[in-house]
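Residues per chain are reported as follows:
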Amino acid sequence: MRLKHIEVFNAIMLTGSASGAARLLHVTQPAVTQALQHAELQLGYALFTRQRNRLVPTREAQALVPEVQKLMSQLESVRRLAAALSR
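The following paragraphs examine the structure supplied in this document. In this text the structure is predicted, and so the values were computed from the model without any measurement.

Next up on the list: the packing of aromatic side chains. Across all of its chains, the model carries one aromatic pair by this definition. Look at phenylalanine 9 and phenylalanine 48: their rings are 5.7 Å apart centre to centre, the planes differ by 45°, and that puts the pair in the tilted class. Taken as a pair, phenylalanine 9 in helix 1 (residues 3-15) and phenylalanine 48 in strand 1 (residues 48-51) lie far apart in primary sequence, 39 residues in all. Per residue, the accessibility class of phenylalanine 9 equals that of phenylalanine 48, and both read buried.

Another aspect to go through is the side chain of histidine 5. With respect to the helices and strands, the residue histidine 5 is situated in helix 1. Residue classification places histidine 5 among the buried positions, given a relative accessible area of 3%. Ignoring any residue separated from it by four or fewer positions in sequence, one finds histidine 5 in contact with Ala35, His38, Ala39 and Gln42.

Let us now look at the pairing of strand 2 (residues 54-57). Sheet topology places strand 1 next to strand 2; four bridges connect them, and they run antiparallel. Residue pairing for strand 2: phenylalanine 48 is matched across the bridge by proline 57. Taken together, strand 1 and the strand that follows it, strand 2, pair antiparallel across an intervening segment of two residues, in which arginine 52 is found at a positive phi of about 60°.

Glancing now at the packing of helix 1 against helix 4 (residues 59-85). For the pair helix 1 and helix 4, interaxial distance at closest approach is 10 Å and the crossing angle is 110°. Considering the angle they form, helix 1 stands roughly perpendicular to helix 4. Viewed along their axes, helix 1 and helix 4 form a crossing whose handedness is left-handed. For the pair helix 1 and helix 4, the contacting residues are Leu3, Ile6, Glu7, Phe9, Asn10 and Met13 in the first and Ala61, Gln62, Leu64, Val65, Val68, Leu71, Met72, Leu75 and Arg79 in the second. Here the contact of helix 1 with helix 4 is built from residues that sort into eleven nonpolar, two polar and two charged.

Calculation notes
Residues numbered from 1 in each chain as written. Predicted model: local features only at pLDDT ≥ 70, side-chain atom pairs only at ≥ 80, totals over all residues. Heavy atoms only, no water. Phe/Tyr/Trp six-rings, centres within 6.5 Å; stacked < 30°, edge-to-face > 60°. Helix = DSSP H or I, 4+ residues; strand = E, 2+ residues; numbered from the N terminus. Buried < 20%, exposed > 50% of the residue type's maximum accessible area, 1.4 Å probe, protein only. Contact = heavy atoms within 4.5 Å. Pairing = 2+ DSSP bridges. Axes fitted to C-alpha atoms, helices over the stretch in contact; angles between N-to-C directions. Parallel < 35°, antiparallel > 145°, perpendicular 65-115°, else oblique. Left-handed = near helix turned anticlockwise from the far one by under 90°. Nonpolar A, V, L, I, M, F, W, Y, C, P; charged D, E, K, R; others polar.

Put into structure tokens, the structure is as follows:
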């Protein structure tokens, strides 16, 4: 998974929908959908099932959540450090 895919995955997990993830990431809903489809194609399995207007995480997605949360926390630390270094 690319970092972009991980960010999209995390945003969908937080919001439950592609449109919510798009708002959170400040991108379009089609961009989120495309990134999700690419991630699923690359992985070889679905991360979400589509039920009405919601994306429901699969067992595989649930297994990824703890590691993705750790990575997102580390990424935020890198962003804070980078911002501090520019001062």
